[in-house]
Amino acid sequence: MFSKTCIPPETPFFIRLDGWRFRKLSETIKADKPFDEKFAKCLVSSGKILFKKGFNPALIYAASDELNILFADAAPFLGRIEKIDSVMAGLASSAYSLSLQKLFNKTQIAAFDSRIVIASDTEKMIEYLSWRQMNTWRNHNNAYAYWIFRKIGYKPAEIARKLKGLKTKEFHEIMFKQGVNLAKTPQWQRRGILTYKQPFLKKTKNNSVERWRLKEDWNLPLFTSKDGAKLIQRILEWTKQKRKK
Ligand SMILES: Nc1nc2c(ncn2[C@@H]2O[C@H](COP(=O)(O)OP(=O)(O)O)[C@@H](O)[C@H]2O)c(=O)[nH]1
Ligand SMILES: [Mg+2]
């Protein structure tokens, strides 16, 4: 009944993988709060596995416990949704479990859920990424607020109530008084991390040849800014160029 459900031909799309019960997982492995660089590294390296296994996404945007994988031209598995969702989630889950072993020295089984979101042109892709980045910023603020209020001695239920009643400016001021400048935390915590293939020229004896390397960007601009849009457009151009070869 479902095996023939496909993405329409020639339609770009994102696959969003979200960590299943990662809050519990982060507590079990005792990840640093509010952010743990090793936790983020596990996520980014799980995304990189997809490139290494021969898939060719245009880019992967990672933040918190989610991976957003963009396929801008040819869809894997001829666009079959069951296949794409299950294999991508399977690969990311096993890669993440192995990364936990390596970076945290903990044996834990991790799983991701998977869904597909169509983004039919460049504008829609940037819009989608901006939406996820906005979510990253909101999560970042909540994570720091929660951590600080817990430190001061508030109970979890009180924190939620307190945050609801605060205006953005008041909220930033309280955080600032507690020693956290929410605009100066590491950029990857506020804006997420992007992985993509970048061309470079490799010198040989007589001339140079074009090669591709996997780049991790932990210092992203806002996707809503000019620089952000330019970065995405450049990556999409490279993807096209690579496909032609
Ligand atoms: N300690 C810690 N936890 C993190 C970090 N990044 C993500 N998380 C956890 O992962 C959760 C991801 O959110 P969500 O998907 O809504 O929760 P889930 O349903 O438990 O997977 C966050 O609420 C955090 O608890 C990190 O760097 N450090
Ligand atoms: Mg999750």
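Residues numbered from 1 in each chain as written. Chains lettered and ligands numbered in written order. Predicted model: local features only at pLDDT ≥ 70, side-chain atom pairs only at ≥ 80, totals over all residues. Heavy atoms only, no water.

Participant: Describe the pattern of salt bridges, listing the residues and the values that go with them.
Facilitator: Tallied over the full model, the rule gives 5 salt bridges. Note that glutamate 66 is salt-bridged to arginine 132, the shortest N-O span being 2.9 Å. Of this pair, glutamate 66 sits in strand β3 (residues 66–71) while arginine 132 is found in helix α4 (residues 122–152), placing the two residues 66 residues apart along the sequence. For the pair glutamate 66 and arginine 132, a shared accessibility class is recorded, and that class is buried. Close ionic contact of arginine 115 with aspartate 113 constitutes a salt bridge, the shortest N to O distance being 3.4 Å. You can call arginine 115 partly exposed: its relative accessible area is 38%. (Salt bridge = Lys/Arg side-chain N within 4 Å of Asp/Glu carboxyl O. Helix = DSSP H or I, 4+ residues; strand = E, 2+ residues; numbered from the N terminus. Buried < 20%, exposed > 50% of the residue type's maximum accessible area, 1.4 Å probe, protein only.)

Participant: An account of the packing of α4 against helix α6 (residues 168–177) is requested, with residue identities and associated values reported.
Facilitator: Closest axis-to-axis distance for the α4/α6 pair is 11 Å, and the angle between their directions is 50°. Relative to α6, the element α4 lies oblique. Classified by chirality, the crossing of α6 by α4 is left-handed. For the pair α4 and α6, the contacting residues are Trp137, Asn141, Tyr144, Ala145, Ile148 and Phe149 in the first and Phe171, His172, Ile174 and Met175 in the second. Grouping the constituent residues of the contact of α4 with α6 by class yields 8 nonpolar, 2 polar and no charged. (Axes fitted to C-alpha atoms, helices over the stretch in contact; angles between N-to-C directions. Parallel < 35°, antiparallel > 145°, perpendicular 65-115°, else oblique. Left-handed = near helix turned anticlockwise from the far one by under 90°. Contact = heavy atoms within 4.5 Å. Nonpolar A, V, L, I, M, F, W, Y, C, P; charged D, E, K, R; others polar.)

Participant: Just give me the short version of the site of ligand 1, but keep the residues and values in it.
Facilitator: Neighbouring residues of ligand 1: 15 residues in total, closest Gly19, Phe22, Arg23, Asp36 and Asp65. A distance of 3.1 Å is found between a nitrogen atom of ligand 1 and a backbone nitrogen or oxygen belonging to aspartate 32. Aspartate 36 is positioned such that a nitrogen or oxygen atom in its backbone is 2.8 Å from an oxygen atom of ligand 1. Protein burial of ligand 1: of its 580 Å² of free accessible surface, 68% is covered by the chains. Elements represented by at least two residues in the shell around ligand 1 include exactly β1 (13–19) and α1 (22–28). (Near = heavy atom within 4 Å. Polar contact = N/O pair within 3.5 Å; in protein donor to acceptor, adjacent residues only side chain to side chain. Areas by Shrake-Rupley, 256 points an atom, 1.4 Å probe, with all protein chains shown as cover.)

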